[in-house]
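A closer look at the structure
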Amino acid sequence: MSDFPLLALILILILGLILLAEALLARYEVMAYTAGWRAPTSELPHGMPYARGADPDRPPDAYLVYLDGIGKRRFRDTRDGGQLVQALITKAPELRVLGQVQPYSPLADPLVNRPVWEWLRHHIALLLFLHNVMQIFVAADRRYRPLYNRAVGAQIACQLRLAGHRQGSAIPVVLLSYSGGAQVATGAVEELRAHLRTPLLLITIGGFHNGANDLTHAHHLHQLTSGGDWIERGGTWIFPQRWRLFRLSGWNRARRAGKITVHRLDPATHMGRRSYISPETRLPDGRSHLDHTADTVIALIRAHHGAPATADDPSLERPTRTRSDENSSISPIHGN
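Described below are features of the structure shown in this document.

Focus: the layout of surface pockets
- If you add up the space inside the largest pocket, you get close to 850 Å³.
- Taken together, 35 residues form the lining of the largest pocket, with Ile70, Asp80, Tyr178, His270 and Met271 sitting closest to its centre.
- Contributions of two or more residues to the lining of the largest pocket are made by helix H2 (79–91), helix H4 (126–140) and helix H8 (230–238).
- For the lining of the largest pocket, the element with the most residues is H8, which contributes 5 residues.

Description of the packing of H2 against helix H10 (residues 289–304)
- H10 packs onto H2 with a crossing angle of 50° between their chain directions and a minimal axis gap of 10 Å. When the interaxial angle is binned, H2 and H10 end up oblique. Where H2 crosses over H10, the two elements pack in a sense that is right-handed. Between H2 and H10, the residues in contact are Gln83, Leu84, Ala87, Leu88 and Lys91 and Leu290, Asp291, Thr293, Ala294, Asp295, Val297, Ile298 and Arg302, respectively.

Digging into the sheet that holds strand E2 (residues 62–67)
- In spatial order, the strands read E1-E3-E2-E4-E5-E6-E7; together these 7 strands make up an open sheet with mixed pairing. Of all strands in the sheet, those bounded by a partner on one side alone are strand E1 (52–53) and strand E7 (260–264).
- Note that strand E4 (residues 173–178) and strand E5 (residues 200–205) share 6 bridges and pair parallel. Bridged to Leu176 within E5 is Ile203.
- Along the sheet, helix H5 (residues 145–162) makes contact with E2, strand E3 (95–98) and E4, crossing E2 at roughly 135°.
- Sheet contacts for H10: E2, E3, E4, E5, strand E6 (220–225) and E7; angle to E5, the most-contacted strand, approximately 165°.

Rules used in this analysis
Residues numbered from 1 in each chain as written. Predicted model: local features only at pLDDT ≥ 70, side-chain atom pairs only at ≥ 80, totals over all residues. Heavy atoms only, no water. 1 Å grid on protein atoms, 1.4 Å probe; cavity = no way out; pocket = protein on both sides within 12 Å on 5 of 7 lines; lining within 4 Å. Points joined across faces, edges and corners; volume = space filled by probe spheres on them. Helix = DSSP H or I, 4+ residues; strand = E, 2+ residues; numbered from the N terminus. Axes fitted to C-alpha atoms, helices over the stretch in contact; angles between N-to-C directions. Parallel < 35°, antiparallel > 145°, perpendicular 65-115°, else oblique. Left-handed = near helix turned anticlockwise from the far one by under 90°. Contact = heavy atoms within 4.5 Å. Pairing = 2+ DSSP bridges.

Okay, here's the thing in structure tokens:
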């Protein structure tokens, strides 16, 4: 028992050193991009298409860019994110879907392409998640946020061009984000407006973000959430810009302008067997959480560009007022 305090102290010191190293590495990447020390990559692995879904020989109804949660560490989809992407492609073949964007790398450099991180993946996999978590906080830091937003916004614009999107096109672009991907999605709005000059729709699923990014030039933001999602609620607590008191934050200005609509996906959780994208847990109507989430996303996109929303999703008919502060102003689906 006498050794326990010493062991605990050693573990705390080790964890502290790891977090410090992760913080420094996360900042290094955005500074390397800004200083021009390294150029972002735009090439994908051999044989990997720049987009899936709608036939590249005809214009899609919309381009959908999926920004995954902190498990994203390669160009290819994560296991859970891949299930959502595949469900969207299957249910909405009119969409052209991009899932290769690296939301946690300003240099568009997947962790699995780096020898040191590949070793860590096999020995201390937790560090991969800590790296991406730290990137979220760098992207939220007011000192680095404009640089990070510019880097990832440019990465998204580049991948869209390679997938066939043209500047000034009337075809809308949808940023669908999961968890921490919402920080990147909300931050990319201004950069994408400059690059694309096209309608931009945001859909967040369990979005974890600081609420500081300017959403003036987003057509609309649909917030998919659940009362069982304690991680998203945690974001509304720890980031002051999400508090009602900070009326001039980007989030609160967008909310007052009627740009944010909340859709409840209860009883889903943020992760695990009952998560938003779980194919196992079933709702009373027989659909899985994955189907419910995919149907909701597709219906929102189709409503946005005027196509009939074929998904049977009652949550789109009457958005539900919730207790959390960011959900206090709910409007029907509309543009600004």
